[in-house]
Structures are given as structure tokens and as C-alpha cells.
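# Reading the structure
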Amino acid sequence: MSESETIIEVKNVSYRYDETKVLENITLSVPRGTFLTIVGPNGSGKSTLLKLITGLLKCREGEIRLFGKRVEEFKEWEKIGYVSQKANRSIHFPATAFEVVRSGLAKRTGLFRFYPKEAKDQVMEALRAVDMERYAGQNIGALSGGEQQRVFIARALVGKPELLVLDEPTAGVDVKIVDALMEVLKKLNRETRLTLLLVTHDIAPVLPVTSQIAYLNRTIHFLGNAGEFRRLKNEDFLRFYGLDAY
Ligand SMILES: Nc1ncnc2c1ncn2[C@@H]1O[C@H](COP(=O)(O)OP(=O)(O)OP(=O)(O)O)[C@@H](O)[C@H]1O
């Protein structure tokens, strides 16, 4: 496997904000085409790990590599698409689904000023990938939570990333449409070999679609596939929560 085939490499990473370590000795390797879900309870360090991987926090202990390059030297951020928690976004602005997705090309407007037709094709292709083509002209505020989330996934996809990072993509989304959202992710992963890194505290809807699961609670307590995760017992989870002494 060439170096670039390992999309994310996390080696012996620890992190502390002040006195307490919130991450301890994390080691993870994400080969191209993997759908990795990081699951863990509130405060388990999921966001901290994501911030370290995306360079928002400085990695002071251990090493993180993206596409084979140390995160400190990594510059090809267009290879990474990011979908943040729905709750963090303002969606009540007057923009169509098309315009929201096109905003994902903002960094490339220099190029697309001269090629508006290509920009339009790319936006429509991204909307098609999440099965939202027919909603292109709809105001984003008029769409359901799950539909909006698909539009935001399309916005992350429009720049053709090789890695898509999703932070709690199902937060606040109606349970009935979470499964449809998961199917969209599965399709993207299987059909385009897009590498996915999803962070959640709710594993149930992700289990049927993810290829790897890491259970994080300060450290990685479990790393394996969905079948292996299903075989975990209650006492294993008590141990993960640090409750085995009770
Ligand atoms: N900026 C900060 N300064 C100090 N402590 C922090 C800071 N950010 C997070 N923490 C602490 O670090 C720990 C891990 O937080 P983090 O946000 O990474 O967890 P999380 O798994 O993403 O939680 P949640 O699911 O609630 O979002 C928590 O105890 C949190 O209080």
C-alpha cells in the first residue's frame, strides 16, 4: 500500500486542555475507502480528536498524518470535506439548496468565474449524489431536517473531497429519516470509495452501514467492525465508562 493510501494516521496521541488528559494514547489508521465511526459518550473526547485531526488544535503529544503528511505541514485541505453538527448552523437565510451547495466552491470562485457552466454541473452532480437534485431551487429553510442535512453533505462533496468528516450528522434529525441519510453515506462509501470519518454518540443508526467502529472514552476501548461491536457485552461497556469497579 502506498503512503497516500492511508488517509488518516493517528499515532500515540494524547491531549490535555489543562491538568486532566482528555485523550490518552490514541492510535488509529484509516485506509482509503474505510467508513470509520468514532462513538463515545458526552465528554469522551470525540470533538477534541476531530479538532486535532483537522488541525484546529495543535497536536503536542504523538503524531497525526493526513494523506501521508504530518498535519502541521498538510496544505491540501480541499481533499477534506466537513459536515458540522446541524444544530450549529444558521439555516434561516434565504438561499436555495443550489446556492448552499455552490457556496462549497467558494474557495474556487476564481476558477469558476470563467467556467460558470462547470460550476453548475458540479453543484447538480453533488445534489444528485445525495438524491436531492429535484430540490435544487427550493429554499433551504423550507426543507426538512434530513433534507437539509443532505444538502450540507452535498456542499461538502462539491469540491470532490477524498475524505468526508461528519460531526454528529444525525443530531436533531428525525429518526425516521436518519436511516435514509445513512443509506446515502453507505452509497457514497461503496460506490465512490469515498473515505468517511463519522463522529457520534448514537451508534444504532450507523451500525448497519459503517465498516469500522472505534469506541472512544478518553482512550480507544474497542476497534473493530460492526459484527464485533454487536458482540460486546454490558460489562464491556461498563468498563469503557470506567464503571467496572461498581
Ligand atoms: N476548550 C476546552 N477547555 C477545557 N476543557 C475542554 C475544552 N473543550 C473540551 N474540554 C473538555 O474535554 C473533555 C472532552 O471534550 P470533547 O468536547 O472533546 O468531548 P465530546 O466527546 O466531543 O463531547 P460531546 O459529545 O458532549 O460533544 C470534556 O471533559 C470537556 O469538558
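Residue positions are given per chain, counting from 1 as you read along its sequence in written order. In view of the model being predicted, local features appear only for residues whose pLDDT reaches at least 70, and side-chain atom pairs are presented and counted only at 80 or more, with totals across whole chains, interfaces and linings using the full set of residues. The basis for the side-chain values is all heavy atoms of the structure; hydrogens and waters are excluded.

Per an unreviewed UniProt entry, the protein chain is named ABC-type Mn/Zn transport system, ATPase component, and its organism is Caldibacillus debilis GB1. Quoted verbatim from the Sequence similarities (unreviewed entry) field of the UniProt record, the comment on the protein chain reads "Belongs to the ABC transporter superfamily." UniProt positions are given in the numbering used here, feature names are shortened, and annotations may be inferred rather than shown by experiment.

## Considering the site of the ligand
Any residue with a heavy atom positioned within 4 Å of a molecule or strand is treated as near that molecule or strand. Close to the ligand lie Tyr17, Val22, Pro41, Asn42, Gly43, Ser44, Gly45, Lys46, Ser47 and Thr48. Take Ser44: an N or O atom from its main chain is 3.0 Å from an oxygen atom of the ligand. Any pair of N or O atoms that falls within 3.5 Å is considered a polar contact. Within protein, one atom must be able to donate a hydrogen and the other to accept it, and sequence-neighbouring residues count only if both atoms are side-chain atoms. Gly45 is positioned with one of its backbone polar atoms (N or O) 3.1 Å from an oxygen atom of the ligand. For the ligand, the accessible surface in isolation is 630 Å², of which the surrounding protein chains cover 57%. Here the shell around the ligand is built from residues that sort into three nonpolar, six polar and one charged. Accessible areas in this description were obtained via Shrake-Rupley with a 1.4 Å probe; residue shielding takes into account the shown protein chains only. Three categories are distinguished: nonpolar for Ala, Val, Leu, Ile, Met, Phe, Trp, Tyr, Cys and Pro, charged for Asp, Glu, Lys and Arg, and polar for the others, with Gly belonging to the last.

## A closer look at the sheet that holds strand 5 (residues 69-70)
Two strands pair under a simple rule: DSSP has to find at least two bridges between them. In DSSP terms, a helix is any run of H or I states spanning at least four residues, a strand is any run of E spanning at least two, and both are numbered starting from the N terminus. Strand order in this open sheet of four strands is 2-1-4-5, and the pairing throughout is antiparallel. One side of each edge strand has no neighbouring strand; the edge strands of this open sheet are strand 2 (21-31) and strand 5. Along the sheet, helix 1 (residues 46-53) contacts strand 1 (6-16), strand 2 and strand 4 (61-66); its crossing angle with strand 2, the most-contacted strand, is approximately 55°. What makes two residues a contact is simply this: any of their non-hydrogen atoms within 4.5 Å. With axes taken as lines fitted to C-alpha atoms, and helix axes fitted only over the stretch in contact, angles between N-to-C directions fall between 0 and 180 degrees.

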